[in-house]
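Structural features, examined
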Amino acid sequence: MRGLSEHLSIGERIAWYRHRRGLSQEVLAGLVGRTADWLSKIENGRIELDRLSVIKGLAAALDVQIGDLLGEPLLLDWTAEVRGKTVPALREALMDYRSLSPLLAGTPEPRAKPDIGLLRAGVGNAWAAYQHARYAHATRLIPGILATSQHAASVLARDQQLQALSLLALTYQSAAAVLTKIGEGDAAWLASDRGLAAAQQSGDPVVIGSLFRAVSHCLLANGRYAAARDLIRSGADYLEDGLAEATPAYLSVYGTLLLVGAMAAARGEERSTAEEFLAEAECAAERLGHDANHMWTAFGPTNVAIHRVSIAMELGDVQIALDHGPRVDTSTLPIERRVRHSLEVARAYHARNRTDEALSLILDAEELAPEQVRHHQIPRALVATWVRNQRGRPAVPLAGLAHRLHVMR
């Protein structure tokens, strides 16, 4: 984070970058359509800043990235099963120039022909690691699967080559998903871009739609909400012709794409567009008829309900989130989805000063997915706020959580 301590609040980071840019509070506040008094309270921690649309505006005015203000951790912690060869190894695999063109590959070493079935199972393992929020494990798996997928796409016969290209695209997408979660935005963009190119070569509309989602998530993570919204709309239009005879996988990719569009619109404070995307996604979920995990989308009625809560929070509709969020049963969904919803409900509880309930949810989420909680902005921001607001030493559960999230020395 360019030398800044992880322990600074968002407000302190804004003040630090403002001073570096030589801006007064009056000038910076004016650039985002606010008052100097408002900005002073933000910088002093008297007002909480938890809406990404506002943070994006401040980041743009300060000419920094959103992650610079959020204080996202860039170090992926080792786990009991993984010690070493995590993000740097995955970056090296993504930046291997030999994957760019057959002309650059040189004379290949003799290797056995890849087995498509085994390769498909490997891709499934990478996605399972992501959906279980085992990010370090995923970064260890993906480089080998990438290498095998690239080899398969170059040596197999035409029919299997197209399958290999689809699997290569989905491996790149799994890399982008993991890297986005842990704040490695530039590497995630590279992975999604490579994945979309492979998907287009495969000619499979389901895989192409899935990679549209990957690119859109990268745009969202970088605060490019309008670009993400436009890409989603174009992607949905591309898939629309096949909806009449859509398979469950096709319908799931289409519906999930619309959910990302709804989030993009909400973060861009486009309420009507967000509601339009949500309504379309709900229709797709009703047509699917149940929760499923086709193409690792976890799509269905419950995922739509989860997004409805998240979008309510993005739009400042806290009471709507509180009315619906705690009632959503996520128990059948992948861990990543369950934890993401718990964090959103915790944010809603906090907004109503229900700190004990919010803390309890975060502690439960951490037990399920410690890596996900460690790298997500919501628990880090909430815990930092609670620690700062304590009179005296924080209680043991809060202090322990703060240390594990690296928001308290």
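Up top you'll find the structure we're talking about.
I will try to describe carefully the structure that is included in this document. Because the structure is predicted, anything quoted here is derived from the model rather than measured.

Here is what the cut-offs are and how they apply
Residues numbered from 1 in each chain as written. Predicted model: local features only at pLDDT ≥ 70, side-chain atom pairs only at ≥ 80, totals over all residues. Heavy atoms only, no water. Core = buried A, V, L, I, M, F, W, Y, C linked by side-chain atoms within 4.5 Å. Buried < 20%, exposed > 50% of the residue type's maximum accessible area, 1.4 Å probe, protein only. Helix = DSSP H or I, 4+ residues; strand = E, 2+ residues; numbered from the N terminus. Contact = heavy atoms within 4.5 Å. Axes fitted to C-alpha atoms, helices over the stretch in contact; angles between N-to-C directions. Parallel < 35°, antiparallel > 145°, perpendicular 65-115°, else oblique. Nonpolar A, V, L, I, M, F, W, Y, C, P; charged D, E, K, R; others polar. Phe/Tyr/Trp six-rings, centres within 6.5 Å; stacked < 30°, edge-to-face > 60°. Lys NZ or Arg CZ within 6 Å of the ring centre and 35° of its normal. Salt bridge = Lys/Arg side-chain N within 4 Å of Asp/Glu carboxyl O.

A few points about the nonpolar core
Judged by nonpolar contacts, the single largest core of 132 residues is most densely connected at Ile14, Leu49, Leu58, Leu69 and Val383. Broken down by element, the residue count for this core peaks at 14 residues, all from helix α13 (residues 248-267). The residues touching Leu58, leaving out its near neighbours within four places in the chain, are Ile14, Leu28, Val32, Trp38, Leu39, Leu49 and Leu69.

With respect to helix α3 (residues 36-43)
When α3 is considered as a whole, its buried residues turn out to be Trp38, Leu39, Ser40, Ile42 and Glu43. Residues of α3 that are buried in the fold lie against α1 (10-21), α2 (25-31) and α4 (52-62). Immediately downstream of α3, the backbone of Gly45 shows phi near 80 degrees, a positive value.

Considering the packing of helix α11 (residues 205-221) against helix α12 (residues 225-240)
To characterise two packed helices, one gives the angle between the axes of the helices and the distance between these axes. Look at α11 against α12: their axes get within 8 Å of each other, and the N-to-C directions meet at 170 degrees. As summarised for this structure, α11 and α12 are arranged roughly antiparallel, according to the angle between their axes. Touching Pro205, Ile208, Gly209, Phe212, Val215, Ser216, Leu219 and Leu220 of α11 are Tyr225, Ala227, Ala228, Leu231, Ile232, Gly235, Tyr238 and Leu239, all from α12. Looking at the contact of α11 with α12 residue by residue, the classes come out as 13 nonpolar, 3 polar and no charged.

A closer look at the packing of aromatic side chains
Applying the stated criterion across every chain yields a total of 5 aromatic pairs. Residues Phe212 and Tyr238 carry aromatic rings whose centres are separated by 5.9 Å and whose planes lie at 90 degrees to one another, so their mutual orientation is edge-to-face. In this pair, Phe212 is assigned in helix α11 and Tyr238 in helix α12, connecting sequence segments 26 residues apart. Relative accessible area serves as the criterion here: at 38%, Tyr238 is assigned to the partly exposed category. Put simply, the rings of Trp127, Tyr130, Tyr135 and Trp296 touch in pairs and so form one group of aromatic residues. Over the face of the ring belonging to Trp38 we find Arg34, whose NZ or CZ atom lies 4.7 Å from the ring centre.

Looking at the pattern of salt bridges
On inspection of all chains with the given rule, the structure shows 20 salt bridges. For Arg91, the salt bridge is made with Glu184, and the minimal N-O distance between the two is 2.7 Å. Separated by 93 residues along the polypeptide, Arg91 in helix α6 (residues 87-94) and Glu184 in the loop between α9 (158-181) and α10 (185-202) bring together distant segments of the chain. The closest approach of N and O atoms between Asp230 and Arg229, which form a salt bridge, is 2.9 Å.

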